[in-house]
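A closer look at the structure
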Amino acid sequence: MKPTNNHINYIEFKATDLEATKAFYTKVFGWTFTDYGPTYIAFEDSGIAGGFEKTEAAITNGALVVLYHKNLDKIKQQVIEANAKISVDTFSFPGGKRFQFLDPSGNELAVWCYD
């Protein structure tokens, strides 16, 4: 798809362990990855392209990326089974509900669904 001005085109995260990060997102969400050397992996099949850059520094996440899944309970269980930490338990908001989790590198993301 051709990039459009002012639309999110790519999301980049830091990761302390690229292999654990890749394994987690492949297992839970079915994303595919391309390795670009020892310090970078790019992902696809997520709804938007992005990547993870290896870092040794502590990760402070300045953005919350929100994923959609039609079966929130099922995906939450998969997140838990993949040893991610639930950082905010499921809560409702107008029109839907969501939870937040920390991935293996400490990035916080959310997953939501319609009511």
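Preceding block: the structure.
What this report covers is the structure whose coordinates are included nearby. Within every chain, residues take consecutive numbers counted from 1 along the sequence as written. Local features in this predicted model are restricted to residues of pLDDT 70 or higher, and side-chain atom pairs are both shown and tallied only at a pLDDT of 80 or more, whereas totals for entire chains, interfaces and linings draw on every residue. By convention in this description, side-chain values take in all heavy atoms of the structure and omit both hydrogens and water.

A word on unusual backbone geometry. Phi is positive for Asp45, close to 65°, though the residue is something other than glycine. Relative to the elements of secondary structure, Asp45 occurs in the loop between β3 (40-44) and β4 (49-54). Asp45 sits in the exposed class, given a relative accessible area of 53%. In this structure, Asn83 takes a positive phi of about 70° despite not being glycine. Tracing the sequence through the fold places Asn83 in the loop between α2 (72-81) and β6 (85-93). Numbering of helices and strands runs from the N terminus; a helix is a DSSP stretch of H or I covering at least four residues, while a strand is a stretch of E covering at least two. When accessible area is computed with a 1.4 Å probe and restricted to protein chains, residues below 20% of their type maximum are described as buried, those above 50% as exposed, and intermediate ones as partly exposed.

Next up on the list: the pairing of β3. Counted residue by residue, β3 has four buried out of five residues, so it is predominantly covered. Bridge count between strand β2 (residues 32-35) and β3: four bridges; the pairing is antiparallel. By the bridge assignment, Phe33 is partnered in β3 with Phe43. Hairpin connection between β2 and β3: a loop of four residues separates the two successive antiparallel strands, and Gly37 in this loop has a positive phi of roughly 85°. Where β3 and β4 come together, four bridges link them in antiparallel fashion. Across the sheet, Ile41 pairs through a bridge with Phe52, a residue of β4. Two successive antiparallel strands, β3 and β4, enclose a turn made up of four residues, where Asp45 displays a positive phi of approximately 65°. Being paired, for any two strands, means DSSP has found at least two bridges between them.

With mixed pairing, four strands are arranged side by side in an open sheet as β1-β4-β3-β2. In this open sheet, the two edge strands, each paired with only one partner strand, are β1 (10-15) and β2. When strand polarity is set aside, the average angle formed by the axes of neighbouring strands in this sheet is 25°. For β1 and β4, the ladder comprises six bridges, and the chain directions are parallel. Bridging across to β4, Phe13 finds its partner in Phe52. Note on contacts: a residue pair qualifies if any of its non-hydrogen atoms lie within 4.5 Å across the two residues. Every axis corresponds to a line fitted to the C-alpha atoms, with the helix fit spanning only the stretch in contact, and the corresponding angles, defined between N-to-C directions, vary from 0 to 180 degrees. Along the sheet face, helix α1 (residues 18-29) touches β1, β2, β3 and β4 and points at about 150° away from the line of β4.

Here we take up the side chain of Thr21. Within the secondary structure, Thr21 sits in helix α1. The exposure class of Thr21 is buried, given its relative accessible area of 0%. Here the side chain of Thr21 touches Asp17 through a polar contact of 2.8 Å, landing on its backbone oxygen. In contact with Thr21, other than residues within four places in its own chain, are Ala15, Phe52 and Ser105. Any pair of N or O atoms that falls within 3.5 Å is considered a polar contact. Within protein, one atom must be able to donate a hydrogen and the other to accept it, and sequence-neighbouring residues count only if both atoms are side-chain atoms.

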